[in-house]
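Structure assessment
Residue-level listing of the chains:
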Amino acid sequence: MSLLFQVLASGSRGNSILVCSEKTRVLVDAGTTCKGLVGRLAKTPVQAKNLDALLLTHEHSDHVSAAGTLSRKFNLPVYMTRGTLENLPPNIGQCASVTVFRTGSSFTIGDLAIHPFATSHDAGESSGFIIENNGLRLGICTDLGIATNLVKVRLKGCHGLVLEANHDVNMLTDGPYPWFLKQRIRSAHGHLSNEDACNLLEVVYHEDLRCVTLAHLSETNNHPDLVRESCRKLQQSPNWECVRFELGKQDDLAPAIELE
């Protein structure tokens, strides 16, 4: 195993991604209950007690709700930006330890190199991550209103991607959300649509891209069939025939994917 990742939960009710090398095991976000995350990890090769660290993308509850409990229970160090730390919900409580990183400044956890980069979202200081081991690169980028030039540059060259496909524009427009919330989701600090995600994938494609997991699907404003249809348009190109596509799930594990 060089680099393995598995989306444990993905959607508006909670998000978490497991990333492992031979020696190091980290979670990116902990947005469900602690009990729920422990149970989901029990279905993977990694038990919660064997985790080495927790990385947070931003402070919204669907990404951090179990961060404090998980950290205290398993003595996990938590890595986040200063803006995320200063905006954590009070009910998170104390973490076992906190390491503050800056977007644009790389650091290591065990044998994983972590390259955080800024994203455009309505949070204190949100970030995406490139996680690298033995020359293999996994890009994690959800919760962003637009794909900035920085995001495009950072995601180019990744062998695996976890990328947001939050909503279908028509479902959002015609759906039950109040107008202000629809505007927030469609804004430059909201979420990527299926079309936005596909446009970004076309920009960052390269011949060594092996797999894409589309994540953070809205249960109200999207449907897996619509996401698959968007992907199907990409897959009609010969360039994409060898790229594996998966969908993150809210109530179940997505398949584990190993980059090697």
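Bear in mind the structure is a predicted one, so any value in this text is a computation, not a measurement.

**Section: the sheet that holds strand 7 (residues 107-109)**
Ordered by their spatial adjacency, 7 strands build an open sheet running 7-8-9-10-11-12-13, and the pairing between neighbours is mixed. If you trace the sheet from one side to the other, it starts and ends with strand 7 and strand 13 (244-247), each paired once. Geometrically, the sheet is characterised by an average inter-axis angle of 20° between neighbouring strands, direction not taken into account. Sheet contacts for helix 8 (residues 194-204): strand 11 (160-164), strand 12 (211-215) and strand 13; angle to strand 11, the most-contacted strand, approximately 150°. Its contacts with the sheet place helix 9 (residues 224-235) against strand 12 and strand 13, and it is angled at close to 165° to strand 13.

**Concerning the pairing of strand 8 (residues 112-118)**
Bridge count for strand 7 against strand 8 is 3 bridges, and the pairing is antiparallel. Looking at strand 8, one finds that isoleucine 109 is bridged to leucine 112. From the end of strand 7 to the start of strand 8, which pair antiparallel, there are 2 residues, and glycine 110 there has a positive phi angle of about 60°.

**Considering the side chain of serine 21**
Within the secondary structure layout, serine 21 lies in the loop between strand 2 (16-20) and strand 3 (25-28). By relative accessible area, which is 1% here, serine 21 ends up buried. A polar atom in the side chain of serine 21 sits 2.5 Å from the side chain of aspartate 111.

**Describing the sheet that holds strand 6 (residues 97-100)**
Sheet architecture is open: 7 strands sit in the order 6-5-4-3-2-1-14, paired in mixed fashion. Each edge of the sheet is formed by a strand with only one pairing partner; in this case those strands are strand 6 and strand 14 (257-259). Pairwise comparison of adjacent strand axes, ignoring direction, gives a mean angle of 25° for this sheet. Alignment of strand 4 (residues 53-55) against strand 5 (residues 77-80), held across 2 bridges, turns out to be parallel. Of the residues in strand 5, the one forming a bridge with leucine 55 is tyrosine 79. Of the strands in this sheet, strand 1 (3-9), strand 2 and strand 3 are in contact with helix 1 (residues 34-41), which crosses strand 1 at around 135°.

What counts and how
- Residues numbered from 1 in each chain as written.
- Predicted model: local features only at pLDDT ≥ 70, side-chain atom pairs only at ≥ 80, totals over all residues.
- Heavy atoms only, no water.
- Pairing = 2+ DSSP bridges.
- Helix = DSSP H or I, 4+ residues; strand = E, 2+ residues; numbered from the N terminus.
- Axes fitted to C-alpha atoms, helices over the stretch in contact; angles between N-to-C directions.
- Contact = heavy atoms within 4.5 Å.
- Buried < 20%, exposed > 50% of the residue type's maximum accessible area, 1.4 Å probe, protein only.
- Polar contact = N/O pair within 3.5 Å; in protein donor to acceptor, adjacent residues only side chain to side chain.

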